[in-house]
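Residues per chain are reported as follows:
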Amino acid sequence: MNKPRSQPRPPRSYALGGADHAEPIKKKGFVKKIVFALGLTALCIFVLKQSPTFRTPSPFSRSEAGVTHVLVTGGAGYIGSHATLRLLKDNYRVTIVDNLSRGNIGAVKVLQDLFPEPGRLQFMYADLGDAKSVNKMFSENAFDAVIHFAAVAYVGESTLDPLKYYHNITSNTLVVLEAMATHNVNTLIYSSTCATYGEPKKMPITEETPQNPINPYGKAKKMSEDIILDFHKNSDMAFMILRYFNVIGSDPDGRLGEAPRPELREHGRISGACFDAARGITNGLKVRGTDYKTPDGTCIRDYIDVTDLVDAHVKALENAKPGHVGIYNIGTGKGRSVKEFVEACKKATGEAIKVEYLPRRPGDYAEVYSDPSKILRELKWSAKYTDLEKSLQVAWKWQKSHRDGYGHTKASF
């Protein structure tokens, strides 16, 4: 039986680091530590919130009902920027990825200024040849589809530097496909080319025309197509392969245009070469090859306006089906010779363009024009801007007001 204490028990003491402290003193110190820790935590949170690296989750990183998020590779380029403009106008969410080796940051800035609202457009500087960067980009963004424009795309340059083309086109497409498969992004619209057909014996070119490319550019694109077709055999992804013919024109409202790098003028499109000659930037226009088996001896091509081309991409995106591959020619169905093109350019610009005729360029072919009936039948698409001179007039208007292209501009990364 315990006896009642006659005296209250004195406070106990605990040996902490060789010093004795009474229990009430310990409790008081503990409370102070709690208060200090809470204050320090609050201060850290405040500092973090002021940091530019502290952000709420980006709208690009999460899926949103009713919003389709499209990754546009090469979106700072001529065709990619026009496609991005159309997608944004149609209320898609867009991420542009570009290493700016051929694209223009000025085009991105134009798009950012037109669509400044959060969650509409973001630009990412990256090289598709860097698998680690590509996978990081896919892991941090909720993409629903990819439109793959990014590629070097000059026939003449491809014959001089073929390894660049196989790496930039074929290898980089493989990296994109692998990232899509890893991160469950299941729709790809692939930018291909009529150069995969080579020089067919029969015109016009249908999608069933045998593919026998004769230059590294066309070969690299065909290799990418073959990779897609092989991958498709064991995949439920949706693929659309669009084989472009020769692209001309620019945004009818004058917001975007074609601005190739000065050092690439020798390899560029004939439209750019015509405009450079008309503006006096170059000393006339060089036409390569006048002895082809065509009515006037110059090459015959099918010229498709960039506005029509972009419309075909939107139709392809809207009609992409899981487990299905759609392959389509994107052209007008009409061939025009280089001499005809030059005359149309002279009329469009109102300038007397000096023309110098030179020997053939390696890797070129005499005559190429499309049969676009398949895409009309299946996707209800056909070219609307088929007046060559009018398309050149629209492009010329932008060229005259942008003598230095997009100039020196900065974009928000």
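About the criteria used
- Along each chain, residues carry numbers from 1 onward, in the same order as the chain's sequence is written.
- At least 70 in pLDDT is required for a residue's local features to be given in this predicted model, at least 80 for side-chain atom pairs to be given and counted, and no such filter applies to totals for whole chains, interfaces and linings, which use all residues.
- Note: side-chain values were computed over all heavy atoms of the structure, leaving out hydrogens and water.
- Every helix listed is a DSSP run of H or I at least four residues long, and every strand listed is a run of E at least two residues long, numbered separately from the N terminus.
- Note on exposure labels: buried denotes an accessible area under 20% of the residue type's maximum, exposed denotes more than 50%, and partly exposed covers the range between, all computed with a 1.4 Å probe on protein chains only.
- Note on contacts: a residue pair qualifies if any of its non-hydrogen atoms lie within 4.5 Å across the two residues.
- Only strands joined by at least two bridges in the DSSP assignment are considered to pair.
- Fitted lines through C-alpha atoms serve as axes, helices being fitted only where they are in contact, and the angles separating the N-to-C directions of these axes extend from 0 to 180 degrees.
- One confidence number per residue, pLDDT, is output by the predictor and ranges from 0 to 100.
- Paired rings are identified among Phe, Tyr and Trp, the last through its six-membered ring, by centres lying within 6.5 Å, and are further divided according to the angle between planes into stacked (under 30 degrees), edge-to-face (over 60) and tilted (the rest).
- The salt bridge criterion pairs a side-chain nitrogen of Lys or Arg with a carboxyl oxygen of Asp or Glu, the two atoms within 4 Å.

> Outline unusual backbone geometry, listing residues and values.
Phi is mostly negative for residues that are not glycine, and the peptide bonds are mostly trans. For the peptide bond that leads from Met203 to Pro204, omega is -5 degrees, which places it in the cis range. For Pro204, the location among the structural elements is in the loop between β7 (187-193) and α7 (216-232). Even without being a glycine, Asn91 presents a positive backbone phi close to 70 degrees. One can find Asn91 in the loop between α2 (78-89) and β4 (93-98). The exposure class of Asn91 is exposed, given its relative accessible area of 57%. With a phi close to 60 degrees, Lys380 is a non-glycine residue in the positive phi region. Among the secondary structure elements, Lys380 is positioned in the loop between α11 (373-379) and α12 (388-401).

> Can you explain the side chain of Thr84? Please cite residues and give values.
Secondary-structure assignment places Thr84 in helix α2. Excluding residues that lie within four positions of it along the chain, Thr84 makes contacts with Val72, Gly75, Val94, Ile96, Leu111 and Leu121.

> Please set out the sheet that holds β4 residue by residue, giving values where relevant.
Read from one edge of the open sheet, seven strands run β5-β4-β3-β6-β7-β8-β13, paired in parallel fashion. Strand pairing shows two members of the sheet lacking a second neighbour, β5 (121-125) and β13 (325-330), which therefore form its edges. Averaged over all pairs of adjacent strands, the angle between strand axes in this sheet comes to 15 degrees, irrespective of strand direction. Sheet contacts for helix α6 (residues 162-182): β6 (145-148), β7 and β8 (238-244); angle to β7, the most-contacted strand, approximately 170 degrees.

> Describe the confidence of the model for the protein, and please don't skip the residues or the numbers.
Taken as a whole, the protein shows an average pLDDT of 89; of its residues, 87% reach a score of 70 or greater. Overall, residues 1-6 carries pLDDT values under 50, and its contacts beyond four positions in sequence, including any with other chains, amount to zero contacts. Confidence over residues 8-25 falls short of pLDDT 50; this stretch has 10 contacts with residues more than four positions distant or in other chains.

> Let's hear about the packing of aromatic side chains: which residues, and what values?
Evaluation of the coordinates by the stated rule reveals six aromatic pairs. Plain terms: the ring middles of Phe231 and Phe239 are 6.2 Å apart, the flat faces sit at 75 degrees to each other, and that makes the pair edge-to-face. With relative accessibility at 30%, the residue Phe231 sits in the partly exposed group. Taking relative accessible area as the criterion, Phe239 reaches 1% and is therefore assigned buried.

> With reference to specific residues and values, describe the pattern of salt bridges.
Applying the stated criterion to the full structure yields 20 salt bridges. In this structure, the salt-bridge partner of Lys233 is Asp230, at a minimum N-O distance of 3.3 Å. Take Lys233: its relative accessible area is 62%, and that puts it in the exposed class. Exposure remark for Asp230: the relative accessible area of 47% places this residue in the partly exposed category. What you see here is one network of salt bridges that share partners, running through Arg86, Asp90, Asp311 and Lys315.

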